[in-house]
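Examination of the molecular architecture
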Amino acid sequence: MAIKDFLGETKVKYFIGGIVAGYVIKKVAETDCAHKLAVNLTAGALNLKDTIESEIETIKEDAEDIHAEAKEKRQIEIFDSEEIDEEIEEENEE
């Protein structure tokens, strides 16, 4: 009766169930189908990473363009546009 009582314990049932589940998962993971699935998931994640990096680079470039335009606008507001034209001509001559 002691073994039956022991096996009837909830914790023992969970332990045995965990061992069985671990064995089944191990066997499934060793199959070609699981390997192909893992490869496809990893490839998809890498493609997503590349897409995100590309979008971040585009956003960064756009922000740099906006910054440059704002800086130019500020200079135009501070200095007379004729002075800027003279500076540009001087830079072009050099």
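Residues numbered from 1 in each chain as written. Predicted model: local features only at pLDDT ≥ 70, side-chain atom pairs only at ≥ 80, totals over all residues. Heavy atoms only, no water.

1. Overview of the overall build of the protein chain
For the protein chain, the helix and strand inventory stands at four helices and zero strands. Going from the N terminus to the C terminus, the protein chain shows its helices and strands as α-α-α-α. Residues counted as buried form 2% of the 94 residues belonging to the protein chain. Accessible surface computed for the protein chain: about 8900 Å², of which carbon and sulfur atoms make up 59%. (Helix = DSSP H or I, 4+ residues; strand = E, 2+ residues; numbered from the N terminus. Buried < 20%, exposed > 50% of the residue type's maximum accessible area, 1.4 Å probe, protein only. Areas by Shrake-Rupley, 256 points an atom, 1.4 Å probe, with all protein chains shown as cover.)

2. Some details on the pattern of salt bridges
As enumerated under the stated definition, the model contains four salt bridges in all. Two residues, K26 and E30, come together in a salt bridge whose shortest N-O distance is 2.9 Å. What makes K26 partly exposed here is its relative accessible area of 45%. Residue class for E30 comes out partly exposed when judged on its relative accessible area of 49%. One salt-bridge network, in which partners are shared between bridges, spans K26, K27 and E30. (Salt bridge = Lys/Arg side-chain N within 4 Å of Asp/Glu carboxyl O.)

3. Some words on the confidence of the model for the protein chain
Taken as a whole, the protein chain shows an average pLDDT of 83; of its residues, 78% reach a score of 70 or greater. Taken element by element, the protein chain is modelled with least confidence in helix α4 (residues 81-93), mean pLDDT 63, and with most confidence in helix α3 (residues 32-78), mean pLDDT 92. (pLDDT = per-residue confidence, 0-100.)

4. Re a nonpolar patch on the surface
Judged by side-chain polarity, F15, I16, I19, V20, Y23, V24 and V28 come together as a nonpolar surface patch covering roughly 690 Å² of accessible area. Within the secondary structure layout, I19 lies in helix α2 (residues 10-29). The partly exposed category is assigned to I19, whose relative accessible area is 48%. (Patch = residues over 30% accessible without salt bridge, like charges linked within 9 Å, V, L, I, M, F, W, Y side chains within 5 Å.)

5. Section: a negative patch on the surface
A surface patch of negative charge is lined by E57, E61, D62, E64, D65, E69 and E72. Exposure remark for E57: the relative accessible area of 39% places this residue in the partly exposed category. (Lys, Arg positive; Asp, Glu negative; His and termini not counted. Charge placed at Lys NZ, Arg CZ, Asp CG, Glu CD.)

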